[in-house]
Amino acid sequence: MMKKIVLFVSMLFIALGASAQSMYGDAVKADVKMKYVYSLEEALKKAKEEKKPIFFNCFADWAVPCHAMNKVVFSDQKFADWMDKHFVNFFIDVTTKEGRPLADKYNIRFQAHYLVLDSDGEILYRIVGGYKLPEFQTLLVRSLNPKTTLPGMNKRYENGERNVKFLRDYAKMLKVADEPDKADQIVDEFFTRLKKSEWCKAENWDLFWRKAYNLNDEMFRFMVNHKGDFVKHNGLEKINQSITGAYFRELYPYTCGKEVYDGTKLLNLYLDMQKNGLPDTNMVYTVYDIVKYRGEKNVDKLLDILEHKTIGWDERIIGGIDLALIDLPDLSTTDEANVIAYLKKKMTGMKGNTLKAYQDAVNKVENTDGMKFENLTFDEVLKKAKKEGKLVFMDCYTTWCGPCKMMSNQVFPLKFVGDFMNAHFVNVKIDMEKGEGVELAKKYEIKAFPTMFLLNADGEPLYKILGAQDPRTFLAKVKRGMELENGYFKVKQKYAEGDRSLALVADYFIVMQDAGDVKNLDNEVISYLSSLNETDKCSKSAWKLYDNFVNNITNPEFKYLVNNRAKFVQSIGDAEVNTKIEKVIFPLAIEYLKGSVSKENMNQAWNLVNTAKFSPDYSLVLLDKIITMYDKKEYGKMLDFYEKEVTSNPDAKVRLNLDVILHRLLESAPSTEKNRARVYAQKQLENATESAKNSYKALIEALAE
């Protein structure tokens, strides 16, 4: 089983050596021999004329398996000729604007994905996942026989057909079509019609091993207790691979620290592996050693095994184990240095996302730039804060919490986050399920993770932040908590006591939002704003609520904000008000270009923009004109506008925001216009600031697709 998985994964990544135009660039080009039509309408018409079914390649450029199929299947001339003889071959990227409706209609959620349709567009067969030849062709042959199509097999089952061969074929077809619940039902029915002595037969193996997948499955125990019979019919290698896979799936979570180490359970697994006849050279014994030494915190032996006994393992398996090393608790200084040295050595020759993942792991351990977390008790942290005249930042986490890990891996290590937090806080991370964290969780009423507190040196909460945040939002909330006149509990208390002054209510709603303490908060805020008089609505206190909670163009308070922009500008300032309006409408326009927002809703936004009397160079005024040209498919005129009006805009941020959407605006444009846009983007790149260069590089790549 493990060998099969590794071989297939390898096939997918080898395919990156060669496919047609792609986000992956020249590195994945493949010589595809298939003759495709590129619209469903044309495919249906041709299918009726030629009396053939339609083969629908539901492509997605981001999906590596799709490119693998281009490389290993659709580049085979003999197979392509066979496909042309039996099918009308239809291709579309189902992630594009044109392809998304088809993805929705045919429930295409995973790639690689292939359908066979009749000339009315009804599904005859579904194949989810990549396959090699000749297996892929064998599956397609079944779609040509009415009795073995998906509707045909469904009908035969509904009519009561239950012989063993039919159930076996039906279950396999449902597995291929990714209908696991129904497939499991048929598999169960299939095995009830077999004698147990027949379970080991080779023709039943593909269904049997799916029922013997885990150590605790009844059929797994049956297989190991009758191993000789299974070996006789299927071969020793296949049976050992299946047994290996079951033990690997049981052990692997322990290698990454996702399961708590249990020495007794581990020993029993070892004895079980010995009993079931796995040779000493089997990889699961190495996995066992990794779990053992990780659990015993014997870092020297653990690193020695990882360095010398995992050579040739799939990089995703060993990568998961390697990157989990940084989560080993209570590492000594020496062990920490050895882990860093091991990871750095592994990085030699790495590229791309794999290299970045290892770099991020090393940076997290070394933590040279990010937040410095104290290895102190809670009381010692408070004393240190009092001595240094700082506040306390307390990250309340658990080891199983995914968002907690996101903060630890992607936010806390950043330099600009560390620069601010280290200057103003004594930082501490406390596991709420271990040691003193259990009592602290009760004291501070922590019920969700991550929960983060700003505390004074006496341990009193000044502010509470719930949930994972992006770096800048995190810092904005921290600064908001520092600037708040009344602390978290004082604001709650005053509100509970009946204080309904505008300033207090505004603080209360924002505090509750950051703390995650109130449900349906947005509705409460909108209701509150609607109750204010015009003077209060345009005040600085109310602006906090408009800025944080009013984020939908259909919201009457957003319409009020835009229609009364001049009044808000008098008390808040032109730039801040304009930025708020832009933050609501600009993303809506992006969704419109993706096909996720209707023309009617988009027009509502432009009507608001046109009544607000913005300056001619305001981003939304320019965007309105651009979208109008987009709707009319006036691509040349649009590029003229970019070259004249956008490039002359004095605000670099406006220029960048309008430039980076060019690839969406020109998605259906002729190649001549896309080439012209690439030349334009290249010029903008040459004059861009360092922080904007990557955005322009991504734009150029997107325009090249």
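Provided above is the structure to which this section pertains.
On a predicted model such as this, the values are computed, not experimentally measured, just so you know.

Calculation notes
Residues numbered from 1 in each chain as written. Predicted model: local features only at pLDDT ≥ 70, side-chain atom pairs only at ≥ 80, totals over all residues. Heavy atoms only, no water. Helix = DSSP H or I, 4+ residues; strand = E, 2+ residues; numbered from the N terminus. Buried < 20%, exposed > 50% of the residue type's maximum accessible area, 1.4 Å probe, protein only. Areas by Shrake-Rupley, 256 points an atom, 1.4 Å probe, with all protein chains shown as cover. Lys, Arg positive; Asp, Glu negative; His and termini not counted. Charge placed at Lys NZ, Arg CZ, Asp CG, Glu CD. Phe/Tyr/Trp six-rings, centres within 6.5 Å; stacked < 30°, edge-to-face > 60°. Lys NZ or Arg CZ within 6 Å of the ring centre and 35° of its normal. Pairing = 2+ DSSP bridges. Axes fitted to C-alpha atoms, helices over the stretch in contact; angles between N-to-C directions. Salt bridge = Lys/Arg side-chain N within 4 Å of Asp/Glu carboxyl O. Arc of directions from axis to C-beta. Contact = heavy atoms within 4.5 Å. Disulfide = S-S within 2.5 Å. Parallel < 35°, antiparallel > 145°, perpendicular 65-115°, else oblique. Left-handed = near helix turned anticlockwise from the far one by under 90°. Nonpolar A, V, L, I, M, F, W, Y, C, P; charged D, E, K, R; others polar. Polar contact = N/O pair within 3.5 Å; in protein donor to acceptor, adjacent residues only side chain to side chain.

**A closer look at the overall build of the chain**
Helix and strand content of the chain: 39 helices and 8 strands. Expressed as a percentage of the 705 residues in the chain, the buried residues total 48%. When the accessible surface of the chain is summed, it comes to about 35,000 Å², and 50% of that surface belongs to carbon and sulfur atoms. If you average the places of the 103 positive and of the 100 negative side-chain charges in the chain, the two averages end up 3 Å apart.

**Remarks on the packing of aromatic side chains**
Tallied over the full model, the rule gives 50 aromatic pairs. Between Tyr 270 and Tyr 285, the aromatic rings sit 5.8 Å apart at their centres with planes inclined by 75 degrees, giving edge-to-face as the arrangement. Highlighted residues: Tyr 270 in helix α14 (residues 263-275) and Tyr 285 in helix α15 (residues 283-295), separated in sequence by 15 residues. The class of Tyr 285 is buried, set by a relative accessible area of 7%. Every member of this aromatic cluster is reached through a ring pair, and the members are Phe 55, Phe 74, Phe 79, Trp 82, Phe 87, Tyr 114 and Phe 136. Positioned above the aromatic ring of Phe 373, the side-chain terminus of Lys 429 is 5.2 Å from the ring centre. In this arrangement the basic side chain of Lys 479 is found over the ring face of Phe 420, its NZ or CZ atom lying 4.9 Å from the centre.

**Focus on the pairing of strand β4 (residues 123-128)**
Counting buried residues along β4, 5 of its 6 residues qualify, which places the element largely inside the surrounding structure. The pairing of strand β3 (residues 113-117) with β4 spans 5 bridges and is classified as antiparallel. From the neighbouring strand, Val 116 faces β4, where its bridge partner is Tyr 125. Hairpin connection between β3 and β4: a loop of 5 residues separates the two successive antiparallel strands, and Gly 121 in this loop has a positive phi of roughly 85 degrees.

**Observations concerning the sheet that holds β3**
Reading across the sheet, the 4 strands line up as β2-β1-β3-β4 and stay open at both edges, with mixed pairing between neighbours. Edge positions in the sheet fall to β2 (88-93) and β4, since each of these pairs with one other strand and no more. Between one strand and the next, the sheet's axes are offset by a mean angle of 20 degrees, whatever the strand orientation. Direction of pairing for strand β1 (residues 54-59) relative to β2: parallel, over a ladder of 6 bridges. Along β2, the bridge assignment pairs Asn 57 with Phe 91.

**Examining the pattern of salt bridges**
A full pass over the atoms with the stated rule returns 34 salt bridges. Residue Asp 514 is joined to Lys 477 by a salt bridge in which the shortest nitrogen-to-oxygen separation is 3.5 Å. Taken together, the residues Asp 514 in helix α26 (residues 502-515) and Lys 477 in helix α24 (residues 471-483) connect sequence positions 37 residues apart. Counted as one network, the salt bridges with shared partners bring together Lys 384, Glu 388 and Lys 390.

**Notes on helix α31 (residues 565-572)**
When α31 is considered as a whole, its buried residues turn out to be Arg 565, Phe 568 and Ile 572. Projected down its long axis, α31 shows its buried positions confined to an angular sector of 65 degrees, all on one face. What points out from α31, more than 90 degrees from its buried face, is the exposed set Ala 566 and Gln 570. Residues of α31 that are buried make contact with α28 (534-537), α29 (540-549), α30 (556-563) and α32 (574-594). At the exit of α31 stands Gly 573, carrying a positive phi of roughly 115 degrees.

**Details of unusual backbone geometry**
Note the cis peptide between Leu 133 and Pro 134, where omega equals 10 degrees. With respect to the helices and strands, Pro 134 occurs in the loop between β4 and α6 (135-142). In this chain, Phe 449 is followed by Pro 450 through a cis amide linkage whose omega measures -10 degrees. For Pro 450, the position within the fold is in the loop between α23 (437-443) and β7 (451-455). With a phi close to 55 degrees, Lys 613 is a non-glycine residue in the positive phi region.

**A short note on the sheet that holds strand β5 (residues 391-397)**
Read across the open sheet, the 4 strands follow the order β6-β5-β7-β8; overall the sheet is mixed. Of all the strands in the sheet, the pair left with one neighbour each is β6 (425-431) and β8 (461-466). Averaged over all adjacent pairs, the angle separating strand axes in this sheet is 20 degrees, with direction ignored. Contacts between helix α20 (residues 378-388) and the sheet are confined to β5, β6 and β7, with β6 contributing the most and set at about 170 degrees to the helix.

**Observations regarding the state of the cysteines**
Under the definition given, this model contains 1 disulfide. Across the disulfide, Cys 401 is cross-linked to Cys 404 (sulfur-sulfur distance 2.4 Å). Measuring handedness by torsion sign, the sulfur bridge of Cys 401 and Cys 404 sits at about 85 degrees and is right-handed. This cysteine, Cys 396, is not joined by any disulfide, and Cys 404 carries the nearest cysteine sulfur, 9.3 Å off.

**Some remarks on the packing of helix α7 (residues 150-158) against helix α8 (residues 164-176)**
Running from N to C, α7 and α8 cross one another at 135 degrees; their axes reach a closest spacing of 11 Å. Between α7 and α8, the crossing angle belongs to the class labelled oblique. Note that α7 runs across α8; the crossing there is left-handed. Mapping the contact onto sequence places Leu 150, Met 153, Asn 154, Arg 156 and Tyr 157 in α7 and Phe 166, Leu 167, Asp 169, Tyr 170, Met 173 and Leu 174 in α8. Here the residues of the contact of α7 with α8 sort into 8 nonpolar, 1 polar and 2 charged.

**Digging into the side chain of Thr 149**
Tracing the backbone through its elements, the reader meets Thr 149 in the loop between α6 and α7. Residue classification places Thr 149 among the buried residues on the basis of a relative accessible area of 5%. At a separation of 3.1 Å, a polar atom in the side chain of Thr 149 contacts the main-chain amide nitrogen of Gly 152. Setting aside chain neighbours within four positions, we find Thr 149 in contact with Leu 124, Tyr 125, Arg 142, Ser 143 and Met 173.

**Here we look at the environment of Leu 662**
When you line up the elements, Leu 662 lands in helix α37 (residues 662-665). Separated by 402 residues in sequence, Leu 662 and Val 260 have C-alpha atoms that sit 50 Å apart. The residues touching Leu 662, leaving out its near neighbours within four places in the chain, are Leu 639, Tyr 642, Tyr 680, Leu 699 and Leu 703.

**Quick look at the pairing of β1**
Consecutive side chains of a regular strand alternate in pointing toward one face of the sheet and then the other. Of all the 6 residues making up β1, 6 are buried; the element is thus mostly covered by neighbouring parts of the structure. On β1, burial covers both faces: Ile 54, Phe 56 and Cys 58 on one face and Phe 55, Asn 57 and Phe 59 on the other are all buried.

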